[in-house]
Amino acid sequence: VSDFTQQLGQIYEQHAEELHLLVSNFRKKNGELRKERAACPSSLFHTWETLLQEVDIDSQALGEIGSILGRQVSRPLLERSFHRKIQSRKVFSHRESYDVIISKTEEKLAKFRQEYKNAYVAYLTNPTTDTLSCYFNTHNAYVQQLHATNGMLEAYGKETLPTLLQELEEIYIDVCSSLTDAILQGAEIVSSRVSFNLHETLFINHFQNK
């Protein structure tokens, strides 16, 4: 939306410059035509000058719209959403880091479990003091890793992940609000300037007709 309003403003300003240049060129030609004709009132010249004046008013309004869109919509929206973009990236980065840690923890648990099973099979195959000691050690290591993994998963599911999702929801709501405000503001700017331009034209024509 920021890029759109910025480019839209630039197009309005460029169009305004082209219209103003067009009016300036034809006003010069109109001046040359005045020199060639007799100095007497002409409704045709009056209509022609009124048209040039209205187009020039349009160019000024378009220029103002373009400037306002860039100054009051595009830049503020970009500034307001920029830190939210950085914040959201940090949230996703943190979640990826937590997912990697949990994945490695689960891999470690699976390894301990396999070592525990192997030690149990070895003890059944060859019941000696060494195999029994190895069985107990691997069993204790597996149980300890199981508690650590369960504790980590519980903390992640009940505390860490909800906190990350809450922060992400706040970012989403704020960005949506900013975008909505920017779109409405842009539409109101264009609408108000077009309405003002219409009233200004009618006002000028009213006094010219008098």
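Predicted, not measured: the structure shown is a model, and the values here were computed from it. (Residues numbered from 1 in each chain as written. Predicted model: local features only at pLDDT ≥ 70, side-chain atom pairs only at ≥ 80, totals over all residues. Heavy atoms only, no water.)

**What about the overall build of the protein chain?**
Here is step 1 of the chain: Assigned secondary structure in the protein chain consists of 3 helices and 0 strands.
Here is step 2 of the chain: Scanning the protein chain from its N terminus toward the C terminus, one meets helices and strands in the order α-α-α.
Here is step 3 of the chain: Each of the 210 residues in the protein chain was classed as buried or not, and the buried ones make up 24%.
Here is step 4 of the chain: Considering only intrachain contacts with a sequence separation of at least 6, the fraction spanning at least 24 residues in the protein chain is 83%. (Helix = DSSP H or I, 4+ residues; strand = E, 2+ residues; numbered from the N terminus. Buried < 20%, exposed > 50% of the residue type's maximum accessible area, 1.4 Å probe, protein only. Contact = heavy atoms within 4.5 Å.)

**Points about the packing of aromatic side chains**
Here the distance between the centres and the angle between the planes together describe a pair of aromatic rings.
Here is step 1 of the chain: All chains considered together, the criterion is met by 7 aromatic pairs.
Here is step 2 of the chain: Relative to Tyr 135, the ring of Tyr 123 lies with its centre 6.1 Å away and its plane at 15°, an arrangement referred to as stacked. Here Tyr 123 is found in helix α2 (residues 43-125), whereas its partner Tyr 135 is found in helix α3 (residues 129-209), with 12 residues between them in sequence.
Here is step 3 of the chain: A residue is classified by how much of its surface remains accessible, and Tyr 135, at 16% relative accessible area, is buried.
Here is step 4 of the chain: Chaining the aromatic ring pairs together yields one cluster made of Tyr 116, Tyr 120, Tyr 123, Tyr 135, Phe 136 and Tyr 142.
Here is step 5 of the chain: Between Lys 29 and the ring centre of Phe 26, over which it is positioned, the NZ or CZ distance is 4.6 Å. (Phe/Tyr/Trp six-rings, centres within 6.5 Å; stacked < 30°, edge-to-face > 60°. Lys NZ or Arg CZ within 6 Å of the ring centre and 35° of its normal.)

**As for the pattern of salt bridges**
Here is step 1 of the chain: Enumeration according to the criterion identifies 3 salt bridges in this entry.
Here is step 2 of the chain: Notably, a salt bridge pairs Asp 99 with Arg 95, separated by 4.0 Å at the nearest N-O pair. Placement of both Asp 99 and Arg 95 in helix α2 is noted, with a separation of 4 residues, approximately one turn of the helix.
Here is step 3 of the chain: According to the relative accessible area criterion, Asp 99 is partly exposed, its value standing at 36%. (Salt bridge = Lys/Arg side-chain N within 4 Å of Asp/Glu carboxyl O.)

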